[in-house]
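Each chain is listed here by its residues.
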Amino acid sequence: MTKRRDFIKNASLTGVALSTLSLTACMQESSKESDRKTEQETSNNQPAKKLKILFLGGTGFLGPHTVNAAIAQGHEVTLFNRGKTNPEMFSELEKIKGDRNTADIQKLANRKWDVVIDTSAYYPRSVNMAMEVLKENISQYLLVSTISVYADWSKPGMDESTPVGTIEDPTVEEVNGQTYGPLKALCEQAAEKQMPGKVCTIRPGLIVGPRDKTDRFTYWPVRIKKGGDVLAPGDGSDFIQYIDVRDLAEWMVYCVEQNINGIFNAQTNGSDITMKQLLDTCVKVINPAANLVWADKAFLQEQEVAPWQEMPVWIPAEGEYGGSGMMSSAKAYANGLKERPMEVVIKDCYDWFTTLPEERQANLKWGIKAEKEAKVLGEWKSKQNSPA
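Notes on the structure in this doc start here. (Residues numbered from 1 in each chain as written. Predicted model: local features only at pLDDT ≥ 70, side-chain atom pairs only at ≥ 80, totals over all residues. Heavy atoms only, no water.)

**Comments concerning the packing of aromatic side chains**
Taken as a whole and assessed by the stated rule, the structure comprises 5 aromatic pairs. Judged by centre distance (4.9 Å) and plane angle (75°), the ring pair of tyrosine 219 and tryptophan 220 falls under edge-to-face. For the pair tyrosine 219 and tryptophan 220, a shared accessibility class is recorded, and that class is buried. An angle of 90° between the planes, with centres 5.6 Å apart, marks the rings of tryptophan 251 and phenylalanine 264 as edge-to-face. Residue tryptophan 251 is located in helix 7 (residues 245–257), and its partner phenylalanine 264 is located in strand 11 (residues 262–266); the two are separated by 13 residues in the primary sequence. Over the face of the ring belonging to tyrosine 122 we find lysine 184, whose NZ or CZ atom lies 4.7 Å from the ring centre. Stacked on the ring of phenylalanine 264, the Lys or Arg lysine 331 has its end atom at 4.8 Å from the ring centre. (Phe/Tyr/Trp six-rings, centres within 6.5 Å; stacked < 30°, edge-to-face > 60°. Buried < 20%, exposed > 50% of the residue type's maximum accessible area, 1.4 Å probe, protein only. Helix = DSSP H or I, 4+ residues; strand = E, 2+ residues; numbered from the N terminus. Lys NZ or Arg CZ within 6 Å of the ring centre and 35° of its normal.)

**Regarding the packing of helix 3 (residues 62–72) against helix 7**
Running from N to C, helix 3 and helix 7 cross one another at 50°; their axes reach a closest spacing of 8 Å. By the angle class used here, helix 3 and helix 7 are oblique. You can see that helix 3 and helix 7 cross each other, and the crossing is right-handed. Facing helix 3, whose interface residues are Leu62, His65, Thr66, Ala69 and Ala70, helix 7 presents Val245, Arg246, Leu248, Ala249, Glu250, Met252 and Val253. Taken together, the residues that form the contact of helix 3 with helix 7 break down as 8 nonpolar, 2 polar and 2 charged. (Axes fitted to C-alpha atoms, helices over the stretch in contact; angles between N-to-C directions. Parallel < 35°, antiparallel > 145°, perpendicular 65-115°, else oblique. Left-handed = near helix turned anticlockwise from the far one by under 90°. Contact = heavy atoms within 4.5 Å. Nonpolar A, V, L, I, M, F, W, Y, C, P; charged D, E, K, R; others polar.)

**Let's talk about the pairing of strand 6 (residues 199–204)**
The element strand 6 is extensively covered by neighbouring structure, given that 6 of its 6 residues are classed as buried. The alternating pattern of strand 6 places Val199, Thr201 and Arg203 and Cys200, Ile202 and Pro204 on opposite faces, both of which are buried. For strand 5 (residues 140–144) and strand 6, the ladder comprises 4 bridges, and the chain directions are parallel. Note on strand 6: the bridge partner recorded for leucine 143 is threonine 201. Where strand 6 meets strand 11, 5 bridges bridge the pair, whose relative direction is parallel. Residue pairing across strands places cysteine 200 opposite glycine 262, the latter belonging to strand 11. (Pairing = 2+ DSSP bridges.)

**Details of the environment of threonine 218**
Summarising the element assignment, threonine 218 is placed in the loop between strand 7 (207–208) and helix 6 (219–226). Given the relative accessible area of 0%, threonine 218 is considered buried. For threonine 218 and tyrosine 350, which are 132 residues apart along the polypeptide, the C-alpha to C-alpha distance reads 6.5 Å. Those residues within four positions of threonine 218 in sequence are excluded, and the remaining contacts are Cys349 and Phe353.

**Structural notes on the pairing of strand 1 (residues 52–56)**
With 4 of 5 residues buried, strand 1 lies mostly within the body of the structure. Where strand 1 meets strand 2 (residues 76–81), 5 bridges bridge the pair, whose relative direction is parallel. Note on strand 2: the bridge partner recorded for leucine 54 is threonine 78. With respect to chirality, the unit in which strand 1 leads through helix 3 into the neighbouring parallel strand 2 is right-handed. Where strand 1 meets strand 4 (residues 115–118), 4 bridges bridge the pair, whose relative direction is parallel. Following the sheet pairing, phenylalanine 55 is matched in strand 4 by isoleucine 117. (Right-handed = clockwise from strand over helix to strand, strands pointing away.)

And the structure:
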């Protein structure tokens, strides 16, 4: 089994028609999505003024969705990044090209913005450099962190008060499975020290949705579309958590509009969704003819089928992972976070994936390989059919 830190590091670093649904079901899902948006618009207070927002980053995965959410609300957006990731994006916006970890950060000096949204900080020096240039000219700093900051995942019900991990040398800038979480925790602490009470720290878990190139969630709808027997982990009762990138982006913009500060876990609430609910919904939405074959945890371990990497989204809640899928996001939901229906998340992930080149679609980056899945399914069926 891969260590938890590697699970969670990988979790955070980071159109085909819905022919299997009847017209009535499609209309119902469309109505649900419309109702969700209307509810959010009416329940979330509109900002008193349009904001000037500076993004540190903004062109990767979460960044573009958040930029679009800000633009949709009428805010004035500036991007500061190296211009290496998707440089063609947002040609209509002001762009300042530079590396935040060098003297380029001085390009932001003597400029005023209302808010900074930082999606690209990985070690405290990076935060301190930005803050020293910006803090006198902004009123709020939103930092995207990660649930990887938590040191102990063995207990259910973790919340924002759970102790974070530490690192022996806080000046280390090599980001890997062991350092990622503690360095993010140091980024949080650096930001709060620089601007006490004016920092909104967001700790997402597994971010999913259109533009997610990791396949960590999309594996399931893609695999289920292929049909046949589909290897599924455990008995389906394990809890899982994720956050749709658009829900996260919209809520982040809401937080800066309402000047919400503090620390927030940001994902579906703990103990709300099981692996069975996820895969059953994938079958319903994508391919009702697919057959889920649930194989128990002990057998999968014998077959060296790794949770998370080969069975995406799934981490069995036992031992040091005893709190997996049961982390509280109640604070975020109490402060305006909303989630779109699982059916919509699954459909949109699949639809986006089918827009990729055929070669890319044929080579999933996450999930068990077809040959190994077939072998494991064969072993499982033999075991089930053998005399006790």
